[in-house]
Amino acid sequence: MKKTTFIHAADLHLDSPMTGLKHLPDKILNRLKDSSFQALKKITEAAIKHDVDFVVLAGDLYDGEDRSLRAQSIFRAEMAKLAEKGIPVFAVHGNHDHLNGSWVHLDMPENVTVFPARVERKLLRSKSGAIVHLYGFSYPVRHVMDKKIDEYKREEGADFHVGILHGYNEGNSEHGRYAPFQVKDLLEKRFDYWALGHIHKRAVLAEDPPAIYPGNIQGRNRKETGEKGCYLVTLTESEATYEFIKTSDIIWKNIEIDASGKKTFQEIFKMCEDAVEKHRVDHGGVILIIILKHINLEDSSLNSYFISDLLEILQSQEVEEQFVWVSDVKMEESLTTNREDLRQKAGFYEELLNTIDHYEHAPDTLSPLYGHQLARKYLDSLTETDEEQLLKNAENYLLKLLTSS
């Protein structure tokens with residue numbers, strides 16, 4: 001029976017700056033900076049272990065269009081390991097590492113095929129003798145707004161057809177709307193598998209045939225939580241199967257701790273300490289954000305420095321190789337005054353809450369920050385979820401100040 005097996009990975013973002021962390025110990029900071037490279041090595045190890053026919057890398061191999069020499073050098077070394085085992089690699093470049101960038105070019109081993117700016121078809125013969133057609137394109141510039149899916153054409157003469165597309169599934173609002181498509185567009189092409197990239201969360205858009213976002217291979221900030229990795233895919237004449245393989249060296253997690261009934265600093269500290277140990281993993285690190293809910297300490301004077309002291313203590317005792325670094329502790333406070341009760345008072349409160357409800361200009365308000373030549377290089381674009389959370393936090397803070405005065 002003819003079959004083919006391959007690794008599908010995307011959004012490597014090699015040499016990502018890993019923004020949003022402060023005062024990390026050198027050892028943890030260096031490990032975090034190297035985490036994308038460690039994840040790449042795990043992809044290589046998985047490909048060799050499972051003796052796959054080929055590897056697909058569906059865009060954003062590098063974090064920026066400048067493609068640092070270090071990132072290129074490490075990538076080339078891993079590709080050479082695959083070349084020694086006779087494993088070809090088919091890659092496309094995405095919006096982050098588009099072809100129009102400026103960089104010092106390092107040649108890659110001959111087993112690496114990079115798709116050009118137009119959609120092309122490549123041919124491969126698997127170890128079982130099956131013929132595989134792979135289709136894909138690389139971004140010629142950062143912003144590709146065309147519906148490139150229309151250029152994918154199935155060519156006869158193969159046992160399996162694999163589409164590689166770094167693009168935006170219309171209906172998802174959290175990423176740039178590049179190379180847009182709809183699921184029905186994928187299915188109409190009659191391919192056997194769609195290797196997608198661009199979205200950093202794992203998602204199976206369709207099962208027959210599979211159309212999958214594997215997510216990025218290593219979380220880079222507090223929004224990219226949970227295990228990250230790639231897929232081991234097997235296609236046969238009768239079915240398609242896929243298995244997730246973890247590659248992330250460091251995992252980002254956000255957890256909530258209910259502190260109801262806890263009256264002292266010591267009690268809350270013990271809960272946090274237990275949570276840290278619970279989330280420690282073998283052979284890996286964890287970046288943890290703790291959200292404390294329902295805080296009501298007996299000594300109210302502690303509230304002014306409670307969080308900073310708690311965070312400092314938790315960080316100071318973290319020395320494990322399998323570390324859990326608490327990057328932030330947040331306190332979720334319940335407003336003593338109900339939002340709708342305030343609205344009923346009319347006058348100032350009613351006008352204030354109506355203004356908040358119809359506020360739609362968060363990007364304009366933050367434009368001085370995002371327009372700053374240096375700052376914008378280190379800032380992710382705000383998603384709708386981010387904007388909603390910023391507005392909620394601002395509302396809570398403002399109402400707390402007003403109602404406590």
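For the structure, see preceding data.
Considering the packing of helix α4 (residues 265-278) against helix α5 (residues 306-316)
Then, in step 1: In contact at an axis separation of 11 Å, α4 and α5 are set at 40° when each is read in the N-to-C sense. Overall, the two elements α4 and α5 adopt an arrangement that is oblique. Every pair of crossing elements has a handedness; the one defined by α4 and α5 is right-handed. Contact residues: Phe265, Ile268, Phe269, Cys272, Glu273 and Val276 in α4; Phe306, Leu310, Ile313 and Leu314 in α5.
Then, in step 2: Residues that form the contact of α4 with α5 fall into these classes: nine nonpolar, no polar and one charged.

Considering the packing of aromatic side chains
Then, in step 1: Taken as a whole, this structure holds twelve aromatic pairs when the rule is applied.
Then, in step 2: Ring plane angle 80° and centroid distance 5.3 Å describe the contact between Phe6 and Tyr193, whose orientation is recorded as edge-to-face. Of this pair, Phe6 sits in strand β1 (residues 3-9) while Tyr193 sits in strand β8 (residues 193-197); the two residues are 187 residues apart in sequence, bridging distant segments of the chain.
Then, in step 3: Overall, the relative accessible area of 0% leaves Phe6 in the buried class.
Then, in step 4: Centroid distance Tyr62 to Phe75: 5.9 Å. Interplanar angle 65°. Geometry classified as edge-to-face. A residue pair is termed long-range when its members are at least 10 positions apart, and Tyr62 in the loop between β2 (54-58) and α2 (69-84) and Phe75 in helix α2 qualify at 13 residues. Neither Tyr62 nor Phe75 differs from the other in exposure class; each is buried.
Then, in step 5: The ring of Phe115 carries Lys122 above its face, with NZ or CZ at 5.8 Å from the centroid.
Then, in step 6: Its guanidinium or amino end placed over the ring of Phe244, Arg202 lies 3.8 Å from that ring's centre, counting from NZ or CZ.

Notes on the pairing of β8
Then, in step 1: With five of five residues buried, β8 is to be regarded as a mostly interior element.
Then, in step 2: Of the two faces of β8, both are covered, the one formed by Tyr193, Ala195 and Gly197 as well as the one formed by Trp194 and Leu196.
Then, in step 3: Of the pairings in the sheet, the one linking strand β7 (residues 160-166) to β8 comprises five bridges and is parallel in character. The residue of β8 that forms the bridge with Gly163 is Trp194.
Then, in step 4: Note: β8 against strand β10 (residues 210-213), two bridges, orientation parallel. Across the sheet, residue Trp194 finds its bridge partner in β10, namely Ala211.

Some thoughts on the environment of His96
Then, in step 1: For His96, the position within the fold is in the loop between β3 (89-92) and β4 (112-114).
Then, in step 2: In contact with His96, other than residues within four places in its own chain, are His13, Asp60, Tyr62, Asp63, Gly64, Glu65 and Arg142.

Here's the deal with the side chain of Glu120
Then, in step 1: Secondary-structure assignment places Glu120 in strand β5 (residues 120-125).
Then, in step 2: Overall, Glu120 belongs to the buried group, its relative accessible area being 19%.
Then, in step 3: A distance of 2.7 Å separates polar atoms of two side chains, one belonging to Glu120 and the other to Arg118.
Then, in step 4: Those residues in contact with Glu120, other than ones at most four positions away along the chain, are Phe115, Leu134, Tyr135 and Gly136.

Focus on unusual backbone geometry
Then, in step 1: The omega angle of the peptide bond from Asp208 to Pro209 is 0°, so this bond is cis rather than trans.
Then, in step 2: Structurally, Pro209 is set in the loop between β9 (203-207) and β10.
Then, in step 3: Non-glycine residue Ala179 carries a positive phi angle of around 40°.
Then, in step 4: The topology assignment puts Ala179 in the loop between β7 and α3 (183-188).
Then, in step 5: A positive phi angle is found at His198, which is not glycine, with a value near 115°.
Then, in step 6: With respect to the helices and strands, the residue His198 is situated in the loop between β8 and β9.
Then, in step 7: Look at His198 and you get buried, because its relative accessible area is 4%.

Each value, and the rule that gives it
- Throughout this document, residue positions are counted from 1 along each chain, in the order its sequence is written.
- In keeping with the predicted nature of the model, local features appear solely for residues at pLDDT of at least 70, side-chain atom pairs appear and are counted solely at 80 or more, and the whole-chain, interface and lining totals rest on all residues.
- For side-chain calculations, the full set of non-hydrogen atoms in the structure is used, while hydrogens and water are omitted.
- Fitting a line to C-alpha atoms yields each axis, with helices limited to the stretch in contact; the angle taken between N-to-C directions then spans 0 to 180 degrees.
- Strands here mean DSSP runs of E at least two residues long; helices mean DSSP runs of H or I at least four residues long; both are numbered from the N terminus.
- Oblique is the label for any angle not covered by the other classes, which are roughly parallel (under 35 degrees), roughly antiparallel (over 145) and roughly perpendicular (65 to 115).
- If you view the pair so one helix is near and one far, a crossing is left-handed when the near helix is turned anticlockwise from the far one by less than a right angle, and right-handed when it is turned clockwise.
- The contact definition used throughout considers only heavy atoms, calling two residues in contact when any of these lie within 4.5 Å.
- Three classes are used: nonpolar for Ala, Val, Leu, Ile, Met, Phe, Trp, Tyr, Cys and Pro, charged for Asp, Glu, Lys and Arg, and polar for all others, with Gly counted as polar.
- We call Phe, Tyr and Trp rings a pair once their centres come within 6.5 Å, taking the six-membered ring for Trp, and we label the pair stacked below 30 degrees between planes, edge-to-face above 60, and tilted otherwise.
- Here the term buried applies to any residue with accessible area under 20% of the maximum for its type, exposed to any over 50%, and partly exposed to those in between, with areas from a 1.4 Å probe on protein chains only.
- In our convention, an over-ring charge means Lys NZ or Arg CZ found within 6 Å of a ring centre and within 35 degrees of that ring's normal.
- In this analysis, strands are considered paired if DSSP registers two or more bridges between them.
- Polar contacts here mean pairs of N or O atoms no more than 3.5 Å apart (in protein, one a potential hydrogen donor and the other a potential acceptor; neighbouring residues in sequence count only if both atoms are side-chain atoms).

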